[in-house]
Every structure is written in structure tokens, then in C-alpha cells.
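Per-entry structural report
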Amino acid sequence: MAIQSLLIILVVLILLLALGVPIAYSIGISALVAILQTVPLDVSVVTAAQRTFVGMSKFSLTAIPFFILAGNLMNQGGIAKRLVDFVMAILGKLPGALLVTNVGANALFGAISGSASAAAAAVGSMVKEGEEEQGYDPALCAATNGASAPSGLLIPPSNALITYSLASGGTSVAALFLGGYVPGILWALCCIIVGILIALRKGYTGTPGKFDWKNLGVCTLRALPALSLIVVVIGGIVGGIFTATEGSAIAVVYALILGICYRNITVKSFWNIVVDSAKMSGMVVFLIGVSNILGWVMAFTQIPQAVSAALLGITENKIIILLIMNVILLIAGTFMDVTPAILIFTPLFLPIVQTFGMHPVHFGLILVYNLCIGNITPPVGNTLFVAIKVGRTSLSKTMPYMVCYYLAILLGLMLVTYVPLFSMGLPTLAGLV
């Protein structure tokens, strides 16, 4: 029955998505159809409504709307230029200085804003003029911008990691946040190395002259208020001063004050930001609520146990099982957004990896790293297409460079997957796991 239920869910889900049905409705309908083979219609509908309500009633879920609002305030708050100048002051002497700066600024801005597409749009626009003046290949710039933008989604505060915490049954948000730093930085470093190698080949040099400590000091002071958000929020959560939900509310107040001080947020723009954040939050929260139906159906029909038995029937080699999971997640990420994919695959794969002793924090970072790659892979690849649009180039010209970045990012994925230290080192040192 379990495999039959899984096949029904997959077939109905794929069919509905192909017909253009919104992902939340597709998940709910596919789960409902699967359970109808064992539970009467009236009981199924009532149970589905109850599970949806329970899924949206968790207090920890409040952190997501607040972090979305804080991110949107940051997007409009005029911090992108300050972060670009700060990173340029540090990395500007390296070959391909503007490429390297783009990567570093994307990691910082993506972490603060919580959106890879916003990072690609904001940071890409900031460095574009300089890249044009210095004769950089627009396709290379677009590839660098797109490839590096999702790195910020792993660096806290991260809505993807909060969503995983909920889907996994309450994995410590503090441990996930702390564990996300190394994989996120690793992603950015992979992009920096590729950017430098291509720059050396094309003869793109860094800024001339000696390292300017005075300029670094000025740029650091200008960027410090924005950078302090990460320190205040994450430091408070990890240190146990406040919860992730309380930290998200503090982030909103901090971002609002910063935007007002920078004179980039008016009463009108603030209202538009709140409305946009409410719409986005409504979609995400409803999606999480509906996915709770899917989690219940999977548990009721024992789908995770059946999938686990099937995989272990193929091989009991932990390395091969993780490789199979990575391939499945990479394929799923090419046509699914991060949030629904987390909600679907967490209850499916987490019980399997726990059978051979993998910690939920480690698996969560493998899962999010995989799905973030989907942001830059066609046919969906929203972040990649934003970068191409900002760079005013084409997909055909950008993809040859993207292949180089894909290889480096996948190498990072293998390190995160098979070397637990990359994910578990900081949480273990902090005593959170």
C-alpha cells in the first residue's frame, strides 16, 4: 500500500503541476487522493482540514513572516551599495576583482535579505557599471552573479532552514543556523576560485596600487550597521538570549530603523513592503499548512519506511544511498522551489538517513544545499534568469561559464554530504548538538 500511495502522490502531483495548478493545491490534492484508497471521503476531508490548521498554528512558524518582512525592508533599505563597497575594499586586489566582489557581496546580501533573486538583482546592478567599464564579458558576469547568489540562503538567518526545522519535527534552529555558515561560505569560496581562474585566463586584473587601509575603514563603518544585523540576530539566537521567532521580530525593527536612517524607506514604500511581505508570507504559511497533510498521509501509509526498505534493498552502502538522494534532490530542484521541496522530501528521506546515524542538522544542510542549486538550473532557475536579465545577455552565452560554476558547487555539495565536519563542526563546538 505504501508504494502504491507514493506513486499516486507523485503522478497526481506531477500532473497537476504540469497543468499549472499552484503548488500548495497540488500537494494537498495529491495527498488527499492517495489517502482515499484507505479512508472514507468525509473522514479524509475533515482530517485534511485539521492537519492544515495544525500545520499553520505552530508558534515557531511566526519567524518566517517576520524574516520575510525584514528581508524586504533590507532590500529597500539601501544596503546593497554599502556591502559591495565593503567587499570591494577587502577583495579588490584579487584577479577579477569585480567578479570576486560580486560573489562576496551576494553571500552577505543574500544572507541579510533571505532572497537569492534579490541578491542577484541588487548586487548585480551595483557591479554592472564597473564591469562594463573594465571590459568584462557580460555572460561571465551574469554567470558569476547567478551562481553565487544562492550561497546566502545557507547563511543565516535562513527561511529555508526554519522551514526544514518545522518539517523535520523541531530540529534546533540555532544548530541549523550555526551549521549553515560553513556550507554557505564554502559555496561562495567555490565561486570565488572559479572566478579567479577564469579572470586569470582572460587577463582581468585587480585594482592597481597598494592595499588601501583607510578606504577599508571607511567602507567598514558604512557597512557595519547592516552587518551588525547578522551578529545581533544570530548571536542572540545561538546564545539563547531569545528564540528564532523573537529574533525575527528584532530583525524587523532593526531593518526598519536602518532603512529610515538611510532615508530609503518612506511611509508609502513601507506600506508597499508590508503588503508584499504579507502576500509572500501567506503563500509560504499556507504551503506549510497544506504540506502537513502530505506528512500525515506519508506517516499513515508508512511511505518513508517503504522507501527506506527499497533503498536499503538496493544497497546498504551509506555513500551510495546519499549519492542517490543527492541525484533525486538535484533533479527535483530543477523544477520545484526550495520551500515545497523541503516539505515534500524531508519526511521522505530523513527517516532513511537516521537509520545509519546521520544527524538531522547534517541532513538539513545537505537538503537545502541541493535545492538551492535548483535556483540556478533551467528550466525554472529563477535566480539564474534574474542574473541574465540584469547582465543583459542570453542563456546560451551564459551556460558555458555556468558549467564551470556547477562543477565547483557540486564539489562543495560532495564535501558537505560526506564530511560531517562542514555541517556539524560549529554546532558541536557551541554545544548545540
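Here goes a summary of the coordinates provided.

This next bit is on the nonpolar core. Formed by 145 residues in total, the largest nonpolar core has its most connected members in Ile79, Phe109, Trp187, Met325, Phe345 and Phe363. Considering each element in turn, this core owes the most residues, 17 residues, to helix α11 (residues 173-202). In contact with Phe345, other than residues within four places in its own chain, are Ile328, Leu329, Ala332, Met336, Leu350 and Leu367.

On to helix α17 (residues 338-355), then. Taking 1.5 Å of rise per residue, 18 residues should cover 26 Å, and α17 covers 25 Å from first to last C-alpha, within 8% of that figure. Of all 18 residues in α17, 14 are buried, a share of seventy percent or more.

Looking now at the side chain of Ser281. Looking at where Ser281 falls in the secondary structure, it is placed in helix α14 (residues 267-301). Of note is the side chain of Ser281, whose polar atom sits 2.7 Å from the backbone oxygen of Ser277. What Ser281 contacts, discounting residues up to four positions off in sequence, is Pro65 and Ile68.

On to the environment of Leu221, then. Along the chain, Leu221 falls in helix α12 (residues 213-238). The class of Leu221 is exposed, set by a relative accessible area of 63%.

A separate point is helix α8 (residues 138-148). Most of α8 sits inside the fold, with 10 of its 11 residues counted as buried. Among all positions in α8, only Ala139, Leu140, Cys141, Ala142, Ala143, Thr144, Asn145, Gly146, Ala147 and Ser148 are buried. At its buried positions, α8 is contacted by α6 (97-113), α7 (116-133), α9 (151-154), α11, α19 (382-391) and α20 (395-418).

Turning our eyes to something else, we now look at the packing of aromatic side chains. Geometrically, a pair of aromatic rings is defined through the distance of the ring centres and the angle of the planes. For the structure shown, the criterion picks out 7 aromatic pairs. Judged by centre distance (4.4 Å) and plane angle (20°), the ring pair of Tyr136 and Tyr204 falls under stacked. Here Tyr136 is found in the loop between α7 and α8, whereas its partner Tyr204 is found in the loop between α11 and α12, with 68 residues between them in sequence. Here Tyr204 falls in the buried class, since its relative accessible area comes to 12%. Between Trp187 and Tyr369, the ring centres sit 4.9 Å apart and the planes meet at 45°, which makes this aromatic pair tilted.

Moving on, we get to the environment of Gly259. Within the secondary structure layout, Gly259 lies in helix α13 (residues 244-261). With a relative accessible area of 1%, Gly259 lands in the buried category. Residues Gly259 and Phe345, spaced 86 residues apart in sequence, show a C-alpha to C-alpha distance of 37 Å.

Further remarks concern the packing of helix α1 (residues 2-18) against helix α2 (residues 23-35). Packing of α1 against α2 leaves a shortest axis separation of 8 Å and a crossing angle of 150°. Taken together, α1 and α2 sit at an angle that is classed as roughly antiparallel. As for how α1 packs across α2, the hand of that crossing is right-handed. For the pair formed by α1 and α2, the contact residues are Ser5, Ile8, Ile9, Val12, Leu13, Leu16 and Leu17 on the first element and Ile23, Ser26, Ile27, Ile29, Ser30, Val33 and Ala34 on the second.

Calculation criteria
Residues numbered from 1 in each chain as written. Predicted model: local features only at pLDDT ≥ 70, side-chain atom pairs only at ≥ 80, totals over all residues. Heavy atoms only, no water. Core = buried A, V, L, I, M, F, W, Y, C linked by side-chain atoms within 4.5 Å. Buried < 20%, exposed > 50% of the residue type's maximum accessible area, 1.4 Å probe, protein only. Helix = DSSP H or I, 4+ residues; strand = E, 2+ residues; numbered from the N terminus. Contact = heavy atoms within 4.5 Å. Expected span 1.5 Å × (residues − 1). Polar contact = N/O pair within 3.5 Å; in protein donor to acceptor, adjacent residues only side chain to side chain. Phe/Tyr/Trp six-rings, centres within 6.5 Å; stacked < 30°, edge-to-face > 60°. Axes fitted to C-alpha atoms, helices over the stretch in contact; angles between N-to-C directions. Parallel < 35°, antiparallel > 145°, perpendicular 65-115°, else oblique. Left-handed = near helix turned anticlockwise from the far one by under 90°.

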